[in-house]
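An overview of the molecular structure
In case you want the letters, here they are:
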Amino acid sequence: MSISVAIDGPSGAGKSTLARRLAAEMGFVYVDTGAMYRSIGLFALESGIDPHDAAGVEALLPQIHLEARPVPGGQQMLLNGRDVTDQVRREEVGMAASAVSALPAVRAFLLDKQRQMAASQNVLMDGRDIGTVVLPGATVKIFLTAAPQARALRRQKELEAKGQPRPYGEVLADVLQRDEQDSSRAAAPLRQAEDAVRLDTTYLDFEESFARLREIICRRAGL
Ligand code: DC
C-alpha cells in the first residue's frame, strides 16, 4: 500500500515550498495540483476564452492533455507536450486558475488523474481539496494556513526578489480575493478536513514550519 500525504490550505501559506522539500527528503513524489488548474487557466487565456465562462472553458477540455511529471526537487508541468512549469506561475494565470477551478467540469476532469497519481506511488499532494475530495482516505492530512497579512508579506517579498515589486496593499487585496473565491465556491471549496492536522505558520519561519510539518507527517504515517 502506498502512503499519501494531503496538504491543503489557502494560497501563500507556503505549501508548495515546504511540500517540495519534504517530498525530496522523504523520497515521495510531489504532486502540485494547483499547477494543473493553472495550466487549464493558461490554456483558456491563450485561447481567448474568459476563465469565468463555464461553457467556453468546458468546451476546451477535450483539447487539453496534461502531464504532471515528477522531476528531482519538484514537478514539471506539460500542457499538450509543452513545458509550462514556469509560465503557469504568473499572477494572471493564478487568477485564471482560481476562476476555472470553480467549475465542476474542470474539477471532474482532473479528479481521476490526481487519484491515479496517488494509487501507485508514495505522494505528497498539495492543493485545496485533497484531504476532503481527492484523497479522503489519505494516510496523513495537513491543513497548512497562516493569517492573510503574513501570507501577503511573504508574497510581497517573493515578488520583490523576482524583480516585480508591488505595494503591500495590492498584494493583500489579491490574497483576500483569492481566499474568498477559493472558499466560497460551491464545487469542492477550500475547507479543513475533519481529520486533518492544522498547522498555522503565521508566527513560524520557514525552518520552523518545515520541522513541524515533518514531525507531524512522520508521526502520523509511522515513519
Ligand atoms: O495552489 P495554487 O495557487 O497554485 O492554485 C491555483 C488555483 O487553483 C487556486 O486559486 C485554487 C485552485 N486549486 C483548487 O481549486 N484545487 C486544488 N486542489 C488546487 C488548486
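To keep things clear, this report deals only with the structure shown in the data block. Remember, it's a predicted structure, so these values are computed and weren't measured experimentally.

A tally of helices and strands in the protein chain yields nine helices and eight strands. Against the compact-globule benchmark of 17 Å for 223 residues, the protein chain has a radius of gyration of 17 Å, which places it among compact chains. Principal axes of the C-alpha set define a box for the protein chain whose edges measure 45 × 45 × 35 Å. Looking at the protein chain as a whole, 50% of its 223 residues qualify as buried. Here the analysis covers contacts within the protein chain between residues at least 6 apart in sequence; of these, 73% occur between residues at least 24 apart.

A separate point is the environment of Leu66. By the element assignment, Leu66 lies in strand E3 (residues 66-71). Assessed through its relative accessible area of 4%, Leu66 is described here as buried. Considered as a pair, Leu66 and Gly81 are 15 residues apart in the sequence and their alpha carbons are 7.8 Å apart.

With that out of the way, let us pick up helix H1 (residues 15-26). Across its twelve residues, H1 extends 16 Å between first and last C-alpha, which sits within 8% of the 16 Å expected from 1.5 Å per residue. Within the span of H1, buried status applies to Lys15, Leu18, Ala19, Leu22, Ala23 and Met26. Angularly, the buried residues of H1 cover 125° about the axis, an arc narrow enough to put them on a single face. Where the residues of H1 are buried, they touch strand E1 (4-8), strand E2 (29-32), strand E6 (123-127), strand E7 (140-145) and helix H9 (206-221).

The next point concerns the nonpolar core. One recurring pattern in soluble globular proteins is that nonpolar side chains are buried together. Membership of the largest hydrophobic core comes to 34 residues, with the highest contact counts inside it found for Met36, Ile40, Leu66, Val106 and Met125. Here the element with the most residues in this core is helix H2 (residues 33-46); it accounts for seven residues.

Moving on, we get to the site of the ligand. As a structural note, the neighbourhood of the ligand is formed by 16 residues, with Arg38, Arg107, Arg128, Asp129 and Arg185 the closest of them. Within the side chain of Ser101, a nitrogen or oxygen atom sits 3.4 Å from an oxygen atom of the ligand. In the complex, 96% of the free accessible area of the ligand, which totals 450 Å², lies under the protein chains. At a threshold of 2 Å from the grid points, most atoms of the ligand map onto the largest pocket.

All right, on to the pattern of salt bridges then. Per the counting criterion, the structure on display carries 17 salt bridges. Where Glu91 meets Arg155, a salt bridge forms, and the shortest distance between an N and an O atom there is 2.2 Å. Taken as a pair, Glu91 in helix H4 (residues 91-100) and Arg155 in helix H7 (residues 148-161) lie far apart in primary sequence, 64 residues in all. For Glu91, a relative accessible area of 27% gives the class partly exposed. For Arg155, a relative accessible area of 19% corresponds to the buried category. For Glu158, the salt bridge goes to Arg155, with nearest N and O atoms at 2.5 Å. Linking Glu158 with Arg155, this pair stays in helix H7, spanning three residues, or about one helical turn.

The subject of this paragraph is the packing of aromatic side chains. Inspection of every chain in the model, using the stated rule, returns one aromatic pair. Residues Phe206 and Phe210 carry aromatic rings whose centres are separated by 6.4 Å and whose planes lie at 20° to one another, so their mutual orientation is stacked. Here Phe206 and its partner Phe210 are both found in helix H9, four residues apart, which amounts to about one turn of the helix. Residue Phe206 is classed as partly exposed on the basis of its relative accessible area, which comes to 31%. Classification of Phe210 as buried rests on a relative accessible area of 2%. Between Arg21 and the ring centre of Phe210, over which it is positioned, the NZ or CZ distance is 3.9 Å. The ring of Phe109 has Lys113 sitting right over it, with the charged end atom 5.5 Å from the ring centre.

Rules behind the numbers
- Residues numbered from 1 in each chain as written.
- Predicted model: local features only at pLDDT ≥ 70, side-chain atom pairs only at ≥ 80, totals over all residues.
- Heavy atoms only, no water.
- Helix = DSSP H or I, 4+ residues; strand = E, 2+ residues; numbered from the N terminus.
- Rg over C-alpha atoms; globule rule 2.2 N^0.38 Å.
- Buried < 20%, exposed > 50% of the residue type's maximum accessible area, 1.4 Å probe, protein only.
- Contact = heavy atoms within 4.5 Å.
- Expected span 1.5 Å × (residues − 1).
- Arc of directions from axis to C-beta.
- Core = buried A, V, L, I, M, F, W, Y, C linked by side-chain atoms within 4.5 Å.
- Near = heavy atom within 4 Å.
- Polar contact = N/O pair within 3.5 Å; in protein donor to acceptor, adjacent residues only side chain to side chain.
- Areas by Shrake-Rupley, 256 points an atom, 1.4 Å probe, with all protein chains shown as cover.
- 1 Å grid on protein atoms, 1.4 Å probe; cavity = no way out; pocket = protein on both sides within 12 Å on 5 of 7 lines; lining within 4 Å.
- Sits in = over half its atoms within 2 Å of the grid points.
- Salt bridge = Lys/Arg side-chain N within 4 Å of Asp/Glu carboxyl O.
- Phe/Tyr/Trp six-rings, centres within 6.5 Å; stacked < 30°, edge-to-face > 60°.
- Lys NZ or Arg CZ within 6 Å of the ring centre and 35° of its normal.

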